[in-house]
Amino acid sequence: APGAYNVCRLLTRRAHGFYAKDAGVAHRKNLGLLRKIICQESTKFKNVWTTHSASPIAYERGRIYLDNYQCCISSIAQEPRILYQKPKCSKSEKIEDALLLECPLGEMLPSPSDYKSSLIVLTVQNWLLRLSADSGEILEKIYLAGSCCKFRYLSWDTPQEVMVVKSAQNKLPAAARQVSIQQSVLFYLAVFQVLPLSFIGMLEINKKIFGNSVTDVAVSNGILIVMYSMGLVRLYNFQAISKQFMEQPFDLGHEFNWNGQVGVVGKYPFGLPCNIKITDTPPLLFEASSLENAFQIGGYPWHYIITPNKKKHKGVFHICSLKDNALAKNGIQDMKCCSLEPDWIYFHPDMSGRIIHVGPNLIKVLKLKEVKNNTDQMEIAEDFMIVANRENSVNDAVTVTASGRVVKKRFNLLDDDPEQETFKIVDYEDELDLLSTVAVTQIGADGRAHLDFHCNEHGILLKRIPLLESWDVTYSHEVYFDKDLILHIEQKPNRRFSCYVYQMVCDTAKDDESSSHEKTERVFCKKGGRIFEY
């Protein structure tokens, strides 16, 4: 590289692919151009499609799913279009949960269908299906277990590599409890390697091993996380557990003889064997006590965030070193909010090690840095802040009317009062490196929301996009920003769902004038269990 003589700099840039003429470099350049286009003043986001449903609406990577994943609509095209629609399923075929599976880069896969995106779904009858994301065709089918347990949840241990299927908590019927029948198994976990889909093992969480007060369990990044009713969180090494307590490995589709049963692994009626039997308490990696089991790990060096396990400390967050449990300098974060909804905190998903703390009218981005003259201790410092626009809000305890009469307020407004601009959603768009925020203000009977894009490095406001639909703060809302697409899903009372799709357009003044005289609307109408497009 001409003019660059620093060896470390050259090696770093080479590792990042700056000198390679490959698709990755071109992709990064294209995303940089897209970011500039999105943030320029002439770029608008137009509401191109709206739909309503009596069942939950889901969104995954440019695909909108309706009717319990039976109908898939592509949002990538200029206007949303139906990719596939399957016949209405029975209650026994209802889908409980789903994960989008994408092809890993640089790996040889056994089947051509593995190179295309697919959807892993879990049905109410304990079937695990892999569906084509474009056609809904069943590519693989695995039976998990019989009626002994009810699998309900899908999650990633390692994203796009290792998947975990978790059962609902086992509870005895009332009649069984009355005759003092004991239920020792609380949860089942089935773990799979994906693409190609292979069975790693199934284990049970038994209260004889982990205790009576277990309320939930999860596997994430190779760690078995066990949560207890008194706020205790314990971490175990899942890989070490698998290695130590694995009785026998099994491959999907192979015949097995297990505890007197003969069958095929993953086939009906036998399903999967529980081949990881934990017979003794595994070595404990770490434990912490936190209010409502709220526990997060992140940062560099490793730190964790907890709330002291007392109700009076709700909204107070302690940031401590994972190495020695030492509280970081300035590690107690408390916004002292007076609001109906509490503030929340989490490690920044951009892997920078920073921390995002969100309150009703303030977003703080914090960073870990070494204490001056003490390299063994870390301190929490402010990187930047984003403040809600409340210039016009008046919250004085004493006001004077035009006639000179002094009026005293008997109460103060809450920090998240609907008439004041309040932050509701904060998200990160990793491909464009933008921090997005949704702020809402109640104006009379209607709530108005806008989506803002901020520079992820410095917090500077780059773009503001108004959402046209009314926003009721008492409803549940999800907002997705995916490159040139904005999608707003709203859940109203009585299981009524709405979806609003916005797409990027670069309007000229002439386009604005013509669009004000002509409006096209695309409607999907449901008749007789089928969805028709008009």
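Everything numeric in this text was worked out from a predicted model, so none of it was measured. Starting from 1, residues in each chain are numbered consecutively following that chain's sequence as written. With the structure being a predicted model, the display of local features is reserved for residues of pLDDT at least 70 and the display and counting of side-chain atom pairs for 80 or more, all residues being used for whole-chain, interface and lining totals. Water and hydrogen atoms were dropped before computing side-chain values, which therefore reflect all heavy atoms in the structure.

Strands are runs of DSSP state E lasting at least 2 residues, helices are runs of H or I lasting at least 4, and numbering of each runs from the N terminus. Across its full length, the protein holds six helices and 38 strands. Taking all 534 residues of the protein together, 44% fall into the buried category. Contact definition: two residues touch when any of their heavy atoms are within 4.5 Å. Across the protein, the fraction of contacts at a sequence separation of at least 24, relative to all contacts at a separation of at least 6, is 47%. Here the open area of atoms and residues is found with the Shrake-Rupley method and a 1.4 Å probe, where only the protein chains shown may cover a residue. Element-wise, carbon and sulfur atoms account for 51% of the exposed surface of the protein, whose accessible area totals about 29,800 Å². Note on exposure labels: buried denotes an accessible area under 20% of the residue type's maximum, exposed denotes more than 50%, and partly exposed covers the range between, all computed with a 1.4 Å probe on protein chains only.

Any Phe, Tyr or Trp ring, taking Trp's six-membered ring, that has another such ring centre within 6.5 Å forms a pair; planes under 30 degrees apart are called stacked, those over 60 apart edge-to-face, and the others tilted. Under the criterion given, the structure shown has 13 aromatic pairs. Ring geometry for Phe192 and Phe199: centres 5.7 Å apart, planes at 55°, overall tilted. By relative accessible area, which is 7% here, Phe199 ends up buried. One aromatic cluster is present, formed by Phe45, Phe453 and Phe481 through successive ring pairs.

Let's shift gears to the pairing of strand 7 (residues 118-123). Of all six residues in strand 7, six are buried, a share of seventy percent or more. Residues Ser118, Ile120 and Leu122 line one face of strand 7 and the alternating positions Leu119, Val121 and Thr123 line the opposite face, and both faces are buried. For strand 6 (residues 95-101) and strand 7, the ladder comprises six bridges, and the chain directions are antiparallel. Opposite Leu99, over in strand 7, you have Ile120 as the bridge partner. Any two strands between which DSSP finds at least two bridges are classified as paired.

Residue Pro269 is bonded to the preceding Tyr268 through a cis peptide linkage, with omega at 5°. Along the chain, Pro269 falls in the loop between strand 18 (261-264) and strand 19 (284-289). In this structure, Asn126 takes a positive phi of about 70° despite not being glycine. Within the secondary structure layout, Asn126 lies in the loop between strand 7 and strand 8 (127-132). Judged by its relative accessible area of 4%, Asn126 is buried. A positive phi angle, close to 60°, is found at Asn330, a residue other than glycine. As for its position among the elements, Asn330 is in strand 23 (residues 327-334). The exposure class of Asn330 is partly exposed, given its relative accessible area of 46%.

This paragraph deals with the sheet that holds strand 5 (residues 81-85). Taken in spatial order, the four strands of this open sheet run 2-3-4-5, and their pairing is antiparallel. Only two strands of the sheet have a single partner each, and these edge strands are strand 2 (58-60) and strand 5. Put simply, the sheet's adjacent strands are angled 25° from each other on average, direction ignored. Sheet topology note: the strand 3 (residues 63-66)/strand 4 (residues 71-74) ladder contains four bridges and is antiparallel. Paired with Leu66 across the two strands is Cys71, which belongs to strand 4. Note on definitions: angles span 0 to 180 degrees between N-to-C directions of axes, and those axes are lines fitted to C-alpha atoms, for helices only across the stretch in contact.

Here we take up the nonpolar core. Counting residues in hydrophobic clusters, the biggest one holds 30 residues, and the most contacted among them are Leu128, Leu144, Phe151, Met163, Val165, Phe192 and Leu272. Where this core is concerned, the elements lending two or more residues are strand 6, strand 7, strand 10 (151-158), strand 11 (162-167), strand 12 (185-193), strand 13 (198-206) and strand 17 (255-258). With four residues, strand 12 is the single largest residue contributor to this core. In contact with Met163, other than residues within four places in its own chain, are Leu99, Ile120, Leu128, Leu154, Ser155, Trp156, Ala190, Val191, Phe192, Val194 and Leu197. Judged by nonpolar contacts, the second largest core, of 23 residues, contains Phe210, Val219, Leu232 and Ile241. What is meant by a nonpolar core is a set of buried Ala, Val, Leu, Ile, Met, Phe, Trp, Tyr and Cys residues, joined one to another through side-chain atoms within 4.5 Å.

To continue, consider the pattern of salt bridges. The salt bridge definition used is simple: a Lys or Arg side-chain nitrogen within 4 Å of an Asp or Glu carboxyl oxygen. Tallying each qualifying case throughout the model produces 17 salt bridges. Residue Glu431 is joined to Arg61 by a salt bridge in which the shortest nitrogen-to-oxygen separation is 4.0 Å. Of this pair, Glu431 sits in the loop between strand 30 (422-429) and strand 31 (434-443) while Arg61 sits in the loop between strand 2 and strand 3, and the two are 370 residues apart along the sequence. The class of Glu431 is partly exposed, set by a relative accessible area of 24%. Among the residues examined, Arg61 registers a relative accessible area of 42% and is labelled partly exposed. A salt bridge links Glu341 to Lys424, with the shortest nitrogen-to-oxygen separation between them at 3.9 Å. Within this pair, whereas Glu341 is found in the loop between strand 23 and strand 24 (344-347), its partner Lys424 is found in strand 30, the two being separated by 83 residues in sequence. Connected through shared salt-bridge partners, Arg61, Glu102, Glu431 and Lys483 make up one network.

Looking now at the pairing of strand 13. Burial of strand 13 is extensive: seven of the nine residues sit out of reach of the surface. Here strand 12 pairs with strand 13 via eight bridges, running antiparallel. Looking at strand 13, one finds that Val191 is bridged to Gly201.

Counting through the fold element by element, Ile460 comes out in the loop between strand 32 (446-455) and strand 33 (461-467). Linking Ile460 and Phe384, residues 76 residues apart in sequence, is a C-alpha distance of 9.1 Å.

Quick look at empty space enclosed by the protein now. The way it works is a 1 Å grid over only the protein atoms, where trapped points that fit a 1.4 Å probe form a cavity and open points with protein on both sides within 12 Å along at least five of seven lines form a pocket, and then any residue with an atom within 4 Å of a point lines it. Grid points are joined across faces, edges and corners, and a volume is the space filled by probe spheres set on the points. Throughout the structure, instances matching the rule amount to one cavity of 30 Å³ or more. Quantified by volume, the largest cavity comes out at close to 30 Å³. Ile425, Asp427, Ser436, Val438, Leu451, Val479, Tyr480 and Phe481 are the residues that line the largest cavity. Listing elements by their share of the lining of the largest cavity, those giving two or more residues are strand 30, strand 31 and strand 34 (476-482). The residue classification treats Ala, Val, Leu, Ile, Met, Phe, Trp, Tyr, Cys and Pro as nonpolar and Asp, Glu, Lys and Arg as charged. All others, Gly included, are polar. Residue composition of the lining of the largest cavity, by class: six nonpolar, one polar and one charged.

For helix 5 (residues 238-245), the set of buried residues is Phe238, Ile241, Ser242 and Phe245. End-on, the buried residues of helix 5 take up no more than an arc of 100°, which puts them together on one face. Seen from the open side of helix 5, the exposed residues pointing more than 90 degrees away from its buried face are Gln239, Lys243 and Gln244. Where helix 5 is buried, its residues touch strand 12, strand 13, strand 14 (214-220), strand 15 (223-228) and strand 16 (232-237). Arc definition: directions from the helix axis to the C-beta atoms.

Interpreting fine coordinate detail is not advised for predicted regions of low pLDDT. Along the chain, pLDDT gives the predictor's confidence residue by residue, from 0 to 100. In the predicted model, the protein carries a mean pLDDT of 86, and the fraction of residues at 70 or more is 85%. Here residues 525-530 is a poorly scored stretch, pLDDT under 50, and it has 12 contacts once near neighbours within four places are set aside; other chains count.

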